[in-house]
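Fold and contact review
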Amino acid sequence: LTTDVKSNIRSLGPGDTYRKSELEELEKQIQDSDRYVGVEYQLAEDCMRAALLSRGMGQSRTEVDGRFDRAERIADKVGYRQQRMRIAYMRTWTMFFWFDDFDELNKGYDRVEQLALGSEETEDIEKLVNLWMVLATTVKLGQLDVDQAGLYGRKSRLEAELDRLTADRLRPNNALLARTHKLLLRLHESLNSETQINSIVDELTQIVDGNQDNIEYPLDFLLQVIQELGELIPDNSKLDQFIESVIAVTGRRTGMAAAGCLFMERGYQKLGKGMKYDAIRLFGRAQEDLTMHEY
């Protein structure tokens, strides 16, 4: 059948139905020019959210691109560096993982790097770490060559940023996170050497064990790393020990979070009945259990 005759019917699952509804509501709000007067930052955020919803629904490259264009245009006017960087990062990630666009991955890295270098937040540099690892894998698979990807120059600048943040003793949690990402970079390049793997995993285990009570140290990204490493290195006792450490700390935090959610729910019940001081006490207890980075 010709494309004029053939119908392309796509069934929507529960997730897509929810995204479609949210996207339609967002678009209505974005088209209301009066809604965002004085809060253009939120307009850029909503435009980025619309682009991500469009991506999640599997819409065409043209639709997703157009929504990212809109988000970047508005964010550029607002001029908040971190917001511009987040949008550039999400766009680069999308163009690669949803549309297999290796050239856009390469170009997008430059945009994110320009906005991230010099930041005082390790989480900003973390985005570059993620993209660099993807670039390195792309080079290994022959989809980009080393010179085209500028792999070594980019890595050198990235390591210099992580070293700078690691040396900042006034912000120990930020420095610790930078050190963790530096180790993960080294680990990515050491997958063919069991000796180096063991040494790096030992350091990572020490970091996790030494920060069991540090609720500002995030574990969510380490859980993702563990899943990837488990596939690549199925038989390694050091890695098994590291996994057990992360799971143990995560279990403690999850238990705290469950208690915090119960306190919060009870607090809202008290608040709904006008018992404000009881609610404040419960919210205070909930806050103690929900202070982890993941929450």
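Residues numbered from 1 in each chain as written. Predicted model: local features only at pLDDT ≥ 70, side-chain atom pairs only at ≥ 80, totals over all residues. Heavy atoms only, no water.

1. Let's talk about the environment of Asn-174
What counts, and what does not: Secondary structure elements are taken from DSSP: a helix is a run of H or I of four residues or more, a strand is a run of E of two residues or more, and numbering for both begins at the N terminus. A simple rule labels every residue: compare its accessible area, found with a 1.4 Å probe on the protein chains alone, to the largest value its type can have, and call it buried under 20%, exposed over 50%, or partly exposed in between. The contact criterion used throughout is that any non-hydrogen atoms of two residues lie within 4.5 Å.
Along the chain, Asn-174 falls in helix H9 (residues 172-188). Owing to a relative accessible area of 10%, Asn-174 belongs among the buried residues under this scheme. Separated by 89 residues in the primary sequence, Asn-174 and Met-85 have C-alpha atoms spaced 19 Å apart. Excluding its chain neighbours within four sequence positions, the residues that come into contact with Asn-174 are Glu-120, Glu-121, Thr-122 and Leu-165.

2. A word on the side chain of Lys-270
If you trace the backbone, Lys-270 turns up in helix H12 (residues 237-272). Once residues within four sequence positions are removed from consideration, Lys-270 is found in contact with Met-275, Asp-278, Ala-279 and Leu-282.

3. What about the packing of helix H4 (residues 81-97) against helix H6 (residues 122-140)?
Helices that pack against each other are described as a pair by the angle of their axes relative to one another and the distance between those axes. The criterion, for reference: Axis geometry follows a simple rule: fit a line to the C-alpha atoms, using only the stretch in contact for helices, then measure angles between N-to-C directions, giving values from 0 to 180 degrees. Just so you know how the angles are binned, under 35 degrees is roughly parallel, over 145 roughly antiparallel, 65 to 115 roughly perpendicular, and the rest oblique. Crossing handedness: left-handed means the near helix sits turned counterclockwise from the far one by under a right angle, and right-handed means the same turn made clockwise. In the scheme used here, Gly and all other residues not listed as nonpolar or charged are polar, with Ala, Val, Leu, Ile, Met, Phe, Trp, Tyr, Cys and Pro taken as nonpolar and Asp, Glu, Lys and Arg as charged.
The geometry of H4 relative to H6 is characterised by a closest axis approach of 11 Å and an angle of 20° between their N-to-C directions. The angle between the axes of H4 and H6 places the two elements in the roughly parallel class. The interaxial crossing formed by H4 with H6 has left-handed handedness. Taking contact as the criterion, the partners of Arg-81, Gln-82, Met-85, Arg-86, Tyr-89, Thr-92, Trp-93, Phe-96 and Phe-97 in H4 are, on H6, Asp-124, Lys-127, Asn-130, Leu-131, Val-134 and Thr-138. Among the residues forming the contact of H4 with H6, the class breakdown is seven nonpolar, four polar and four charged.

4. Re the confidence of the model for the protein
What counts here: pLDDT measures the predictor's confidence residue by residue and takes values from 0 up to 100.
Residues of the protein with pLDDT of at least 70 account for 95%, and the chain-wide mean is 88. Predicted confidence is poor over residues 1-9, with pLDDT under 50, and the contacts of this stretch with residues over four places away or in other chains come to one contact.

5. Side note on the pattern of salt bridges
Think of it this way: side chains of opposite charge can pair up when their charged atoms draw near. Put simply, the rule reads: Here, a salt bridge means any side-chain nitrogen of Lys or Arg that lies within 4 Å of a carboxyl oxygen of Asp or Glu.
Under the criterion given, the structure shown has 26 salt bridges. Two residues, Arg-91 and Asp-65, come together in a salt bridge whose shortest N-O distance is 3.0 Å. With a gap of 26 residues between them, Arg-91 in helix H4 and Asp-65 in helix H3 (residues 61-78) connect regions that are remote in the sequence. On the basis of relative accessibility, which here comes to 8%, the residue Arg-91 falls in the buried class. Here Asp-65 falls in the buried class, since its relative accessible area comes to 18%.

6. Examining unusual backbone geometry
Positive phi, close to 50°, is recorded for Asp-100, a residue that is not glycine. As for its placement among the helices and strands, Asp-100 is situated in the loop between H4 and helix H5 (102-116).

7. So, the environment of Leu-105
With respect to the secondary-structure elements, Leu-105 resides in helix H5. Residue classification places Leu-105 among the buried residues on the basis of a relative accessible area of 1%. Leu-105 sits 180 residues away from Arg-285 along the chain, and the two C-alpha atoms are 45 Å apart. Filtering out sequence-adjacent residues up to four positions away, Leu-105 remains in contact with Thr-92, Phe-96, Leu-131, Val-134, Leu-135 and Thr-138.

8. Remarks on helix H2 (residues 40-56)
Quick reminder of the rule: Expected span, for any helix, means 1.5 Å times one less than how many residues it has.
The terminal C-alpha atoms of H2, which comprises 17 residues, lie 24 Å apart, in line with the 24 Å expected from a rise of 1.5 Å per residue. By the criterion of burial, H2 is predominantly enclosed, with 12 of the 17 residues buried. Turning to H2, its buried residues are Leu-43, Ala-44, Glu-45, Asp-46, Cys-47, Met-48, Ala-50, Ala-51, Leu-52, Leu-53, Ser-54 and Arg-55. Positive backbone phi, at 75°, marks Gly-58, one or two positions downstream of H2.

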